[in-house]
Amino acid sequence: MVAGTGYAVPKRVFRNDEFASIGIDTDDAWIRERTGIRERHIAGPGETLTSICTEAAHNAMAAAGVSAAELDMIIVGTCSPDRLLPSASVELQAALGASRAVAFDVGAACSGWLYGMQVAEAMMAAGSVETVLVVGAELLSRIVNWKDRNTCVLFGDGAGATIVKRSTKQRGILASYMRSDGTLADLLDRPKGGAAYPMTAEILAEGSHLVHMRGREVFKNAVRSMADACDRALDLAKLSSSDIDLLIPHQANVRIIEATAKHANVPMEKVFVNVDRFGNTSAASIPIALDEAIAQGRVKDGTIVMFVAFGAGFTWGSMVVRF
Ligand code: UT7
């Protein structure tokens, strides 16, 4: 069961109308109409992935009444770690002083938190751990191409943290579904700068180590996969769409969210949307939305929430949770 949640974002808010001032040929109307995004948070010089993960984790631990010493495991979903080696999760472990916790990252892009929650649940069911910290966090501003209007307007920075504890049968994850399709990896990737094409001055100059996306193709796949994942999760949980009190989808684009909700037959009043204020924060988007939904009183004891995610890989999945 989810025992506590928290989030943290960098202080600086970057509004749509500021892109023009850095030489990007775009405007507020285009971004709002095509994506629903109004603004996003962008990290400043002193901020790191570890610093926002730590703040989000402290908030979740305070909400759950759990100390760092009680954590058995830390899972971080991210595609923008502070260092390529070691993992973001061990940096977080050190920052928290969670010396008992085993720590590892999940590389599933925007589905990272959802995958992490399912790994946590499976490890708890196996009896290996009692208390797990699952974080989804990104500093996408550090890995996007700030000269590419197709991508730089979409993303934001942030971290969402969740404390999960072993649940009774009536509460916790009722159903979960995970899928991947690596044959479509080229549609959303960082083509170079990894071990296949180690960094060179040429790669740096052309920016091929930065996020590259074929937006329209990704859009179609996102809608198809998230719609299917909602159907699967409902089938597995033996529930119908009217049983869902709140749908919390990955916040990539309000049009993708609306299409997914329509397919799942969940009215927009029951769908959580905050992409307008945060942009697409990849793995952080769902846990940030969950924390806001709890703070707004939209998730209480007994509330049934369906989560659905989609990201680079492709990776996607869904989860139905009774709180
Ligand atoms: O997190 C999970 C992975 N990511 C996603 O799920 C994102 C999926 N994709 C999308 O959200 C949308 O495809 C975008 C928001 C990226 C683009 O929206 P679209 O309606 O699919 O637009 P488009 O790609 O069809 O482009 C339409 C036009 C193009 O111009 P032409 O070729 O029609 O003349 C683009 O060059 O809009 C142009 N354009 C822009 N114009 C102003 C692209 N980016 C911008 C921009 N400002 N920032």
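Up top is the structure.
A few points on the structure. (Residues numbered from 1 in each chain as written. Predicted model: local features only at pLDDT ≥ 70, side-chain atom pairs only at ≥ 80, totals over all residues. Heavy atoms only, no water.)

**A word on the overall build of the protein**
Right, so step 1: What the protein contains, in helices and strands, is 10 helices and 13 strands.
Right, so step 2: Here the C-alpha radius of gyration of the protein, 19 Å, is about what a compact globule of 323 residues would show, namely 20 Å.
Right, so step 3: For the protein, the C-alpha atoms occupy an extent of roughly 55 × 45 × 35 Å along the three principal directions.
Right, so step 4: In the protein, buried positions account for 55% of the 323 residues.
Right, so step 5: Expressed as a percentage of contacts within the protein between residues at least 6 apart in sequence, the contacts between residues at least 24 apart total 76%.
Right, so step 6: Split by element, the accessible area of the protein, about 13700 Å² in all, is 52% carbon and sulfur.
Right, so step 7: Across the protein, 32 positive and 36 negative side-chain charges occur, with their mean positions spaced 3 Å apart. (Helix = DSSP H or I, 4+ residues; strand = E, 2+ residues; numbered from the N terminus. Rg over C-alpha atoms; globule rule 2.2 N^0.38 Å. Buried < 20%, exposed > 50% of the residue type's maximum accessible area, 1.4 Å probe, protein only. Contact = heavy atoms within 4.5 Å. Areas by Shrake-Rupley, 256 points an atom, 1.4 Å probe, with all protein chains shown as cover. Lys, Arg positive; Asp, Glu negative; His and termini not counted. Charge placed at Lys NZ, Arg CZ, Asp CG, Glu CD.)

**Re the packing of aromatic side chains**
Right, so step 1: Scanning all chains against the criterion turns up seven aromatic pairs.
Right, so step 2: Aromatic side chains F310 and F314 sit 4.7 Å apart centroid to centroid with 45° between the ring planes, which places their arrangement in the tilted category. For the pair F310 and F314, one class covers both residues: buried.
Right, so step 3: For the cation-ring pair, K192 lies above Y197, with the distance from its terminal atom to the ring centre recorded as 5.1 Å. (Phe/Tyr/Trp six-rings, centres within 6.5 Å; stacked < 30°, edge-to-face > 60°. Lys NZ or Arg CZ within 6 Å of the ring centre and 35° of its normal.)

**Points about the pattern of salt bridges**
Right, so step 1: As enumerated under the stated definition, the model contains 14 salt bridges in all.
Right, so step 2: In this structure, a network of salt bridges that share partners links the residues R12, R15, D17 and E18. (Salt bridge = Lys/Arg side-chain N within 4 Å of Asp/Glu carboxyl O.)

**As for the environment of Q93**
Right, so step 1: Residue placement: Q93 occurs in helix α3 (residues 88-96).
Right, so step 2: Other than its neighbours up to four places away in sequence, Q93 contacts I74, A98, S99, A101 and A103.

**Remarks on the sheet that holds strand β7 (residues 157-165)**
Right, so step 1: Sheet architecture is open: five strands sit in the order β1-β7-β6-β4-β5, paired in mixed fashion. Each edge of the sheet is formed by a strand with only one pairing partner; in this case those strands are β1 (2-8) and β5 (102-106). Between one strand and the next, the sheet's axes are offset by a mean angle of 15°, whatever the strand orientation.
Right, so step 2: Pairing of strand β4 (residues 73-77) with strand β6 (residues 131-139) involves five bridges; the strand directions are parallel. (Pairing = 2+ DSSP bridges. Axes fitted to C-alpha atoms, helices over the stretch in contact; angles between N-to-C directions.)

**Quick notes on the side chain of N16**
Right, so step 1: Positionally, N16 belongs in the loop between β2 (13-15) and α1 (28-35).
Right, so step 2: Taking the relative accessible area as the measure of exposure, N16 reaches 2% and is therefore buried.
Right, so step 3: There is a polar contact of 2.9 Å between the side chain of N16 and the side chain of R40.
Right, so step 4: Ignoring any residue separated from it by four or fewer positions in sequence, one finds N16 in contact with D28, I31, R32, I37, R38, E39 and R40. (Polar contact = N/O pair within 3.5 Å; in protein donor to acceptor, adjacent residues only side chain to side chain.)

**Notes on the site of the ligand**
Right, so step 1: The full set close to the ligand counts 23 residues, and T26, R34, R216, N253 and N280 are the nearest of them.
Right, so step 2: In the environment of the ligand, an oxygen atom lies 2.7 Å from a nitrogen or oxygen atom belonging to the side chain of N253.
Right, so step 3: A distance of 2.7 Å separates an oxygen atom of the ligand from a polar side-chain atom of N280.
Right, so step 4: Protein contact buries 78% of the 960 Å² of open area that the ligand shows by itself.
Right, so step 5: Of all the secondary structure elements, the ones that give two or more residues to the shell around the ligand are α1, α5 (149-152), α7 (215-237) and α8 (254-264).
Right, so step 6: Looking at the shell around the ligand residue by residue, the classes come out as 11 nonpolar, seven polar and five charged.
Right, so step 7: When residues of the shell around the ligand are assigned to domains, at least three fall in each of domain 1 (2-169) and domain 2 (173-322). (Near = heavy atom within 4 Å. Nonpolar A, V, L, I, M, F, W, Y, C, P; charged D, E, K, R; others polar. Domains from an automatic or database assignment.)

Any functional reading would require information beyond the geometric quantities listed.
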